[in-house]
Amino acid sequence: MKKILLLLLPLFALSFGKRERPVVFLAGDSTIAQKKVLDAPETGWGMSIPLFFDTTAVRFENHAVNGRSTKSFRTLGHWDVLIARVRPGDYVFLQFGHNDAKVEDTTRYAPAQTAYRDNLTRFITEIRAKGGQPVLLTPVVRRSFDEAGHFVDKHGDYPSVVREVAAAQKVPLIDLWAKSKALLEKMGEADSKPMFMNLRGGIYPKFPEDKVDNTHFTPYGAALVAGLVAEGIRELELPIRSFLKQTEFLEKYAYELPQISVPDFKKDTFDIREFGAQAGGIALNTIAINQAIDTCHARGGGVVLIPAGLWLTGPVTLRSYVNLHLEKGALLQFSNDPEQYPLVRSNWEGQEAIRNQAPLTGENLEDVAITGAGIIDGAGLAWRPLQRSKVTEKEWQTLLASGGVLNETQDVWYPSARALKGSKMQRPGMIAAGFDEAKALEIKEFLRPNLLRLTGCTRVLIDGPTFQNSPAWTLHVLLCKHVTVKNVLVKNPAFAQNGDGIDLESTHFFRVENCVFDTGDDGICIKSGRNEEGRKRGIPSSDGIVQGCSVYKAHGGFVIGSEMSGGVRNLYISGCTFMGSDIGLRFKTTRGRGGAVEDIYISDINMTDIPAEAILFDMYYNGKEAAEALKNPEPKKMPVTEETPVFRRFFIRNVACRGAEHAVFIQGIPEMNVQDIRIENSIFRTKHGFFCMEGNGITLKNCVLETSSTEPAISILNSRNLTLDHVQISGNAAKALKIEGSQTGAIHLHDTDVETRGIETGATVQKGILIKK
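The notes below deal with the structure included here. (Residues numbered from 1 in each chain as written. Predicted model: local features only at pLDDT ≥ 70, side-chain atom pairs only at ≥ 80, totals over all residues. Heavy atoms only, no water.)

**So, the overall build of the protein**
Logical step 1: Counting secondary structure elements, the protein contains 15 helices and 45 strands.
Logical step 2: Since a compact globule built from 773 residues should have a radius of gyration of about 28 Å, the 30 Å found for the protein is in line with a globular shape.
Logical step 3: The burial tally for the protein puts 58% of its 773 residues in the buried class.
Logical step 4: Nonlocal contacts in the protein, meaning residues at least 24 apart in sequence, comprise 72% of its contacts between residues at least 6 apart.
Logical step 5: Accessible surface, the protein as shown: approximately 31200 Å² in total, 51% of it carbon and sulfur. (Helix = DSSP H or I, 4+ residues; strand = E, 2+ residues; numbered from the N terminus. Rg over C-alpha atoms; globule rule 2.2 N^0.38 Å. Buried < 20%, exposed > 50% of the residue type's maximum accessible area, 1.4 Å probe, protein only. Contact = heavy atoms within 4.5 Å. Areas by Shrake-Rupley, 256 points an atom, 1.4 Å probe, with all protein chains shown as cover.)

Here it is as structure tokens:
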């Protein structure tokens, strides 16, 4: 018998000893519980929490069950199953309360001050007896607002009892009630609605009719609440916080990144041929396509199908709940006749303006999409001016033969005399400059539309199509929320003036991923309005993710500005490749803009053949002032006002650049330096290295600067609080560091090549500014 017991000891150790990786058991109700596939889109937050952890190091078991209270979870046997599986070192998270309050149901009702309190205490005692760690969570709130828009609590005493039990039993507490209440109050009544199961009928099999449910979560809501739980774990400093999933961004966890709500659509399909559309490129299908979209919207939404074929059309207006889907082989060709596009009040470069209606337009919509593998062509050549120097002689002669007019010097082509007239005006089309529709008509062709213009829309999906040949900006997303753009190709000629790939302006919560941009201007651009109008609007672009994108010919790969007067913040850019774009990472502004660009996280960027700067911070985006500032070591310092722009807190890591004029070029202004920029773990093979004028708190860490120029690899002018930490310098630079300017101060050196390769110091530089660690 003794021998048998000895043989069984290892099995007992496996069964009752501490695991190699801990398990987090979740006990609670439907707000946490695992759902069946047919329950979609309902999602318990317990289904989302593993997404924020390294699940090779910690495992989650979700034992929560719909409709359970502290009483019924035990009486129906769920607790016995859970507690039997707990081992030393495991965690048990307990969140009850929604169903304990159901007075009319004696099988579930547990009064807060008596049975509920006792049940929680008993759970804690039994968890500890098994060597586990109990964690209490107050019940997550229901979504409820009064007529004034104020949050209304529905949980009575239950949250406070959980807090009291946690304090009495010395149990870690995540106050999910308080956290979720704060989240809903911050979001407001309208923006919090998509968190919960408020559904239009017919999208999901289980819900053929409209549904109003402000208790249970959609995938979006579950992810937000799971993020609150992850935040609580970190705040409590529980040991499992070490298993929180880290991102590629400096000191950022997965739960901290923005969550974007994505629309779903009914499967009902409306083929444009059923509304009289004719393929072939001869018949104009404007009426048929718009009728299909209007009918789809009127019947509760669905898919408007553009089949394979060539479909000529004038402007198309999108509607809520409609997915415009282009089959593979479909070419939606917009007309090159300007008369098809009426003049409308719109927005241009951050200011109110009169423009021609965009080929694709959507205003104040919700749940709208453009999907599929087809092509959308904006007939841009019929609108754009073209410089002779940007095309071959044969191309130029072909253009002249098509019509249009030339400017006085015969080196710029315009599609019409009205377009040429507009080029000579100050602020053409701007409403603030006195333009109305009648005056704008005199320069109609000059007022080029963007190919796609979405304004004030919520939950936008653009997935799959190719957008090409835009008259101006290609994709303009203005004042929108929850925008997803993925698997898109944007293609414009290299000479396409203002041919930006995508411009996200004053837009919250967006994701741009796995897209390719080959454009005539900036590739991926973030904006928020220009000067006084932008500051008055006061809506930043924020909480965005740009991931896995490629940019070819463009003025900039990823760009912020120069219209950033409403501010830009909390962006995450990673895994992008820039090949031949004039500048890689481009941040531009100028005096007069105002606004702050801050908390920008960038990682894993590869660049090749960049004609100018790999990384540029430019606060003189008007050319003349910038040149003067570079010539004058003591530039004029202006007063700080609301017109003063701000660049601060940029965290850039893992950049590799092979081929550029400058590795990093920072040009702040005396009254407002570029502040708190950290560049680390990066390699630059460029002509010139690092230049910093009017910077404060700039750090280069674990970087390689290989330069072909004999000029100093690092040049510093009127900057302070710079840190060079493990910076390796190679190439042809005669000296490592050049310091100029009487305002320069505090340069920290730590294990760099600076001292061995030499330092050049200007006559006005203060003594003792080099600080060696």
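**Structural notes on the pairing of strand S11 (residues 330-334)**
Logical step 1: In terms of burial, S11 is largely enclosed, as four of its five residues are buried.
Logical step 2: Note: strand S8 (residues 309-313) against S11, five bridges, orientation parallel. By the bridge assignment, leucine 310 is partnered in S11 with leucine 331.
Logical step 3: Both S11 and strand S16 (residues 375-377) contribute to a ladder of three bridges, which runs parallel. Pairing of glutamine 333 across the sheet is with aspartate 377, part of S16. (Pairing = 2+ DSSP bridges.)

**Topic: the sheet that holds strand S18 (residues 405-406)**
Logical step 1: With antiparallel pairing, three strands are arranged side by side in an open sheet as S17-S19-S18. Strands with a single pairing partner mark the edges of an open sheet, and in this sheet they are strand S17 (386-387) and S18.
Logical step 2: Here S18 pairs with strand S19 (residues 412-414) via two bridges, running antiparallel. Paired with valine 405 across the two strands is tyrosine 414, which belongs to S19.
Logical step 3: Against the sheet, helix H10 (residues 393-401) touches S17, S18 and S19, its axis set at about 30 degrees to S19. (Axes fitted to C-alpha atoms, helices over the stretch in contact; angles between N-to-C directions.)

**Some details on the side chain of glutamine 333**
Logical step 1: One can find glutamine 333 in strand S11.
Logical step 2: Among the residues examined, glutamine 333 registers a relative accessible area of 18% and is labelled buried.
Logical step 3: Discounting residues that sit within four places of it in the chain, glutamine 333 has contacts with Leu310, Trp311, Leu312, Thr313, Asp377 and Ala379.

**A few points about the nonpolar core**
Logical step 1: Counting residues in hydrophobic clusters, the biggest one holds 120 residues, and the most contacted among them are Phe558 and Ile714.
Logical step 2: When residues in this core are grouped by element, the largest group, twelve residues, is from strand S35 (residues 596-618).
Logical step 3: With residues up to four places along the chain from it excluded, the contact list for isoleucine 714 reads Phe690, Leu705, Leu724, Val727, Ile729, Ala736, Leu737, Lys738 and Val754.
Logical step 4: In terms of nonpolar packing, the next biggest core, distinct from the first, is built from 43 residues, Phe53, Tyr91, Leu183 and Tyr253 among them. (Core = buried A, V, L, I, M, F, W, Y, C linked by side-chain atoms within 4.5 Å.)

**Some thoughts on the pattern of salt bridges**
Logical step 1: For the structure on display, the rule yields 46 salt bridges.
Logical step 2: Three or more residues are tied together by salt bridges with common partners; here these are Arg200, Glu366, Asp367 and Arg459. (Salt bridge = Lys/Arg side-chain N within 4 Å of Asp/Glu carboxyl O.)

**As for the sheet that holds strand S5 (residues 173-174)**
Logical step 1: Here we have five strands laid out as an open sheet, ordered S2-S1-S3-S4-S5, and parallel in their pairing. At either margin of the open sheet sits one strand with a lone partner, and together these are strand S2 (59-62) and S5.
Logical step 2: Both strand S4 (residues 133-137) and S5 contribute to a ladder of two bridges, which runs parallel. By the bridge assignment, leucine 136 is partnered in S5 with leucine 173.
Logical step 3: The sheet contacts of helix H4 (residues 78-85) involve strand S1 (23-28), S2 and strand S3 (91-95), and relative to S1 the element is tilted by about 165 degrees.
Logical step 4: Relative to S4, helix H6 (residues 158-169) is tilted by about 155 degrees, and along the sheet it contacts S4 and S5.

**A short note on the packing of helix H5 (residues 112-129) against H6**
Logical step 1: Contact pair H5 / H6: the axes reach a minimum separation of 10 Å and the direction vectors enclose 40 degrees. In this view, H5 runs oblique relative to H6, as classed from their interaxial angle. As for the relative orientation of H5 and H6, their crossing is right-handed in sense. Where H5 abuts H6, its residues Ala112, Gln113, Tyr116, Arg117, Leu120, Thr121, Ile124 and Arg128 lie against Tyr158, Val161, Val162, Glu164, Val165 and Gln169.
Logical step 2: Here the contact of H5 with H6 is built from residues that sort into eight nonpolar, three polar and three charged. (Parallel < 35°, antiparallel > 145°, perpendicular 65-115°, else oblique. Left-handed = near helix turned anticlockwise from the far one by under 90°. Nonpolar A, V, L, I, M, F, W, Y, C, P; charged D, E, K, R; others polar.)

**So, H5**
Within an α-helix, residues lying three or four positions from one another point in the same direction, as the helix has 3.6 residues per turn.
Logical step 1: Over its 18 residues, H5 extends 25 Å from the first C-alpha to the last, a length consistent with the 26 Å expected when each residue adds 1.5 Å.
Logical step 2: Among the residues of H5, those classed as buried are Ala112, Tyr116, Asn119, Leu120, Phe123, Ile124 and Ile127. Taken end-on, H5 shows its buried residues confined to a sector of 135 degrees, consistent with a single buried face.
Logical step 3: Packed against the buried residues of H5 are helix H3 (70-75), H4, S3, S4 and H6. (Expected span 1.5 Å × (residues − 1). Arc of directions from axis to C-beta.)

**Focus on the state of the cysteines**
Disulfide: a covalent bond connecting the sulfur atoms of a pair of cysteines.
Logical step 1: Following the criterion strictly, the structure yields zero disulfides and no others.
Logical step 2: In this structure cysteine 480 is a free cysteine whose sulfur lies 4.5 Å from that of cysteine 457, the closest cysteine sulfur available.
Logical step 3: What makes cysteine 480 buried here is its relative accessible area of 1%.
Logical step 4: Between cysteine 692, a cysteine without a disulfide, and cysteine 703, which holds the nearest cysteine sulfur, the sulfur-to-sulfur distance is 14 Å.
Logical step 5: On the basis of relative accessible area, cysteine 692 is assigned to the buried category, the value being 0%. (Disulfide = S-S within 2.5 Å.)

**Examining unusual backbone geometry**
Logical step 1: Cis rather than trans, the peptide bond between alanine 40 and proline 41 has omega equal to 10 degrees.
Logical step 2: Locating proline 41 in the fold gives a position in the loop between S1 and helix H2 (45-48).
Logical step 3: Glycine 561 connects to serine 562 through a cis peptide bond whose omega is 0 degrees.
Logical step 4: Its place among the elements puts serine 562 in the loop between strand S32 (556-560) and strand S33 (568-579).
Logical step 5: Despite not being glycine, tyrosine 321 has its phi angle at roughly 70 degrees, a positive value.
Logical step 6: Its location among the elements puts tyrosine 321 in the loop between strand S9 (316-317) and strand S10 (322-326).
Logical step 7: For tyrosine 321, a relative accessible area of 18% corresponds to the buried category.
Logical step 8: One non-glycine residue with positive phi stands out, namely asparagine 498, at about 60 degrees.

**Topic: the side chain of serine 541**
Logical step 1: Residue position: serine 541 is located in strand S30 (residues 541-547).
Logical step 2: The buried category is assigned to serine 541, whose relative accessible area is 0%.
Logical step 3: A distance of 3.4 Å separates a polar atom in the side chain of serine 541 from the backbone oxygen of leucine 504.
Logical step 4: For serine 541, the contacting residues outside a window of four places in its chain are Leu504, Glu505, Ser506, Thr507, Ile526, Lys527, Ser528, Gly567, Val568 and Arg569. (Polar contact = N/O pair within 3.5 Å; in protein donor to acceptor, adjacent residues only side chain to side chain.)

**A few points about the pairing of strand S29 (residues 524-527)**
Logical step 1: Of the two faces of S29, both are covered, the one formed by Ile524 and Ile526 as well as the one formed by Cys525 and Lys527.
Logical step 2: As paired elements, strand S26 (residues 502-505) and S29 share four bridges and run parallel to each other. When the sheet's bridge partners are listed, isoleucine 502 is paired in S29 with isoleucine 524.
Logical step 3: Here three bridges tie S29 to S32, and the two strands are oriented parallel to one another. By the bridge assignment, cysteine 525 is partnered in S32 with valine 559.

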